[in-house]
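# Structural overview for review
Listed below, chain by chain, are the residues.
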Amino acid sequence: MYILMAVVFFIGYLCIAFEHPLRIDKAAAALLTAVLCWTVLVLGADSIVPMLQSGSHDPADSSAVVESLRHHLGEISEILFFLLGAMTIVELIDSHEGFKVITDRIQTRKRVHLLWIIGLLTFFLSAALDNLTTTIVMVSLLRKLIRGRPERWLYVGVVVIAANAGGAWSPIGDVTTTMLWIGGQITAPGIITGLFLPSLVCLLVPLFILSFRLRGEAPRPRARTHLGEEVPPSTTPFERNLVLVLGLGALLFVPIFKTVTHLPPYMGILFGLGVLWITTEFIHRHKNDEDKHPLSVVGVLRKVDTPSVLFFLGILLAVAALATAGHLTQVATALRESLGHIYPISYSIGLLSAVVDNVPLVAGSMKMYPLVTPAMLAAASPEETGWLSQFIVDGNFWEMLAYCAGTGGSTLIIGSAAGVAAMGMERISFTWYIKRVSLLAFLGYTAGAVTYVGILALR
C-alpha cells in the first residue's frame, strides 16, 4: 500500500504535467489523485508503518486517517478561501476597467524603454496582486501597446520572469509564498526585507542583457472601434478609480490586518471583499440589472478561475496524504543526506519547479521539514542546533525556498502559473520559449540565489 500510494501520486502528476496533450483539465486529475491517495491510505492503514509520524494515533486505526484528513483540510481551506477572495477582488477591479488607469499612462514606443517599463511595472504590480493575475493584466496591456505576436512574445517572456520575481518577495504575490506565510514559516516584514533585493536581481539581469539586443521602436496596434466609433467604457472614471483604490487597498491591508488582529490572512481578505461588495452595490444601485450585474460581486464570481481553486485543493490534499503516510519524511532525509545543505536543497527545488508545479513542491517541503520553535531549538543538542536554526520562523531555508520555488519556474514556460497563462493567451510555443527566454530566466534565477547567499554571508 505504501508503494501503491507513491505510484498513484506519480501517475496523477503525469496527468497534470501533460494536461494539454491529454486534454484533461489538471483540476480533475488533481482531485482524483487526492481521493485515490487517501483511499489507499485508509484501506492500507494497518500496513503502512511510517504513517502519522507524530505517534499520537495508532497507525492500525483507520479513524486516525480520517482525523488527519480533517486536520489537513482545515489548513488547506485557509489557503483556498484566501485565493478565492483575492481573485474575486482582482476580477472586480478588472470588470470596472480599473487597470485602465495604469495602461493609459504608457506612451513610449522605444523597445528598450518599453522593456524596462513593462518589467518593473510587472515586478511591483505582482507583489501587490499576484503573479498569475498580473500576467493576465500585463499580456492584455501588451496587446494594446505592441502589434504582432512575434514582436510581442519577447516582452511576454519578460512579463513571466518579472511576475514570478515580484511575487516571490511579497506574502500575497505568489501562492507558494502565501502558503508559507499562512503556514507560519515566514512573516510579511521578514519576507519583504529578506527577498526584495534577490528578487530584483532576478529581474534586472535579464533586463540588462536584453537592453543590448533591442533597438528601434515597437509598432503600435490600431485602436479598436465598433462601427467606426471607439467603444465607450462601461464605467465612469470615478467608479474605476474608486474600485481600483479600494481593491488594491484591500489586498495591501491583509498583512496589516494579520499583524494587528493575529487572525489568519483569509479573514483579512474576506473583510476587504465585504467592503468592496457593499461599495459596488451602493455606487451601482440606480443602474438597471443588465448594466449592474457584470459589475457586481455576484456577476464577477462567474469569472473567477474556479478550476484553479479546485486544482490547489486536489494537489494539496494529495501531498497531505503523502505527508501522513511518511513519504515526504523519507524524501527530506534523502535530500539532506545527498545535498547536505539548505542552499543546494532550495536551489534544486527551484529548478525542479520548472518541470513540476511549485505548489506541491512547497507543500511537500512544508511537510518534509519541521517549523522549529524556540523551545525545540533550546532543547536540541549542540550538533543539531545549527541545522535546526535554519527552520525557525523567517529562517534561511524558508526564505530561500520562497525565492527559489517562486522564480525557478520561469526557466520553462510550463513551470509556473504565470507562464502557463501567458502560453495560453499568446500561443507561445514551448521550443520558442526555451530558445529565447529560458537562458535569461536561468541566469536571473541563479544571480538572485547567489545574491541571497551573499547577503547572508555579509551579515
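Scroll up to find the structure.
## What to know about the packing of aromatic side chains
All chains considered together, the criterion is met by 18 aromatic pairs. Between the aromatic rings of Tyr-347 and Tyr-445, the centroid separation amounts to 5.1 Å while the plane-to-plane angle is 25 degrees, which identifies the pairing as stacked. With Tyr-347 in helix α17 (residues 342–352) and Tyr-445 in helix α23 (residues 430–458), this pair connects stretches of sequence that are 98 residues apart. Members of the aromatic cluster, each reached through a chain of ring pairs, are Phe-123, Phe-124, Trp-169 and Phe-196. Of note, Arg-285 hangs over the ring of Phe-282, and the distance from its end group to the ring centre comes to 3.9 Å.

## Observations regarding a nonpolar patch on the surface
Judged by side-chain polarity, Met-1, Ile-3, Leu-4, Val-7, Phe-10, Ile-11, Leu-14, Phe-18, Leu-22, Ile-24 and Leu-43 come together as a nonpolar surface patch covering roughly 1100 Å² of accessible area. For the nonpolar patch, the element with the most residues is helix α1 (residues 2–17), which contributes 6 residues.

## Focus: α23
Compared with the 42 Å implied by 1.5 Å per residue over 29 residues, the 39 Å span of α23 between its first and last C-alpha is a close match. The largest bend along α23 measures about 50 degrees and falls at Val-437.

## What about the side chain of Thr-235?
Here Thr-235 lies in the loop between β2 (229–230) and α11 (237–261). Thr-235 gets classed as buried once you look at its relative accessible area, which sits at 4%. Only 2.9 Å separates the side chain of Thr-235 from the backbone oxygen of His-96, close enough to count as a polar contact. Non-local contacts of Thr-235, meaning those with residues more than four positions away in its chain, are made with His-96, Glu-97, Arg-240 and Leu-295.

## What to know about the pattern of salt bridges
Applying the stated criterion across every chain, the model contains 3 salt bridges. As a salt-bridge pair, Glu-426 and Arg-152 come within 3.0 Å of each other at their nearest N and O atoms. Separated by 274 residues along the polypeptide, Glu-426 in helix α22 (residues 417–426) and Arg-152 in helix α8 (residues 149–168) bring together distant segments of the chain. Of the charged contacts, one joins Glu-281 and Lys-292 as a salt bridge, the two residues approaching to 3.3 Å between their closest N and O atoms. On the criterion of sequence distance, the pair formed by Glu-281 in helix α12 (residues 265–283) and Lys-292 in helix α13 (residues 289–292) is long-range, its members being 11 residues apart.

## Regarding the side chain of Thr-134
Along the chain, Thr-134 falls in helix α7 (residues 131–145). Of note is the side chain of Thr-134, whose polar atom sits 3.5 Å from the backbone nitrogen of Ser-126. Leave out the neighbours within four places in its chain, and Thr-134 touches Thr-122, Leu-125, Ser-126 and Leu-129.

## Points about unusual backbone geometry
The phi angle at Glu-97 is positive, at roughly 60 degrees, despite the residue not being glycine. Assignment of secondary structure puts Glu-97 in the loop between α4 (62–95) and α5 (100–103). Judged by its relative accessible area of 27%, Glu-97 is partly exposed. You will see that His-262, though not glycine, has its phi angle at about 65 degrees, which is positive. Mapped onto the fold, His-262 is located in the loop between α11 and α12.

## So, the environment of Tyr-369
With respect to the helices and strands, the residue Tyr-369 is situated in the loop between α18 (358–368) and α19 (374–379). Each C-alpha atom, one on Tyr-369 and one on Phe-397, is 9.6 Å from the other, the two residues being 28 residues apart in sequence.

## Some thoughts on the environment of Gly-364
As for its position among the elements, Gly-364 is in helix α18. By relative accessible area, which is 5% here, Gly-364 ends up buried. C-alpha separation for the pair Gly-364 and Leu-316, spaced 48 residues apart in sequence, amounts to 8.6 Å.

## Some thoughts on the packing of α8 against helix α10 (residues 188–211)
Where α8 contacts α10, the two axes come as close as 8 Å, and the packing angle between them is 165 degrees. One element, α8, and the other, α10, form an angle in the roughly antiparallel class. As α8 packs across α10, the resulting crossing turns out to be right-handed. Each of Leu-154, Val-158, Ile-161, Ala-162, Ala-165 and Ala-168 in α8 lies in contact with α10, whose residues at this interface are Ile-191, Leu-195, Ser-199, Cys-202, Leu-203, Pro-206, Leu-207 and Leu-210. Considered class by class, the residues forming the contact of α8 with α10 number 13 nonpolar, 1 polar and no charged.

Conventions and cut-offs
- Residues numbered from 1 in each chain as written.
- Predicted model: local features only at pLDDT ≥ 70, side-chain atom pairs only at ≥ 80, totals over all residues.
- Heavy atoms only, no water.
- Phe/Tyr/Trp six-rings, centres within 6.5 Å; stacked < 30°, edge-to-face > 60°.
- Helix = DSSP H or I, 4+ residues; strand = E, 2+ residues; numbered from the N terminus.
- Lys NZ or Arg CZ within 6 Å of the ring centre and 35° of its normal.
- Patch = residues over 30% accessible without salt bridge, like charges linked within 9 Å, V, L, I, M, F, W, Y side chains within 5 Å.
- Areas by Shrake-Rupley, 256 points an atom, 1.4 Å probe, with all protein chains shown as cover.
- Salt bridge = Lys/Arg side-chain N within 4 Å of Asp/Glu carboxyl O.
- Expected span 1.5 Å × (residues − 1).
- Bend = angle between axes of the 7 residues up to and from the residue.
- Buried < 20%, exposed > 50% of the residue type's maximum accessible area, 1.4 Å probe, protein only.
- Polar contact = N/O pair within 3.5 Å; in protein donor to acceptor, adjacent residues only side chain to side chain.
- Contact = heavy atoms within 4.5 Å.
- Axes fitted to C-alpha atoms, helices over the stretch in contact; angles between N-to-C directions.
- Parallel < 35°, antiparallel > 145°, perpendicular 65-115°, else oblique.
- Left-handed = near helix turned anticlockwise from the far one by under 90°.
- Nonpolar A, V, L, I, M, F, W, Y, C, P; charged D, E, K, R; others polar.

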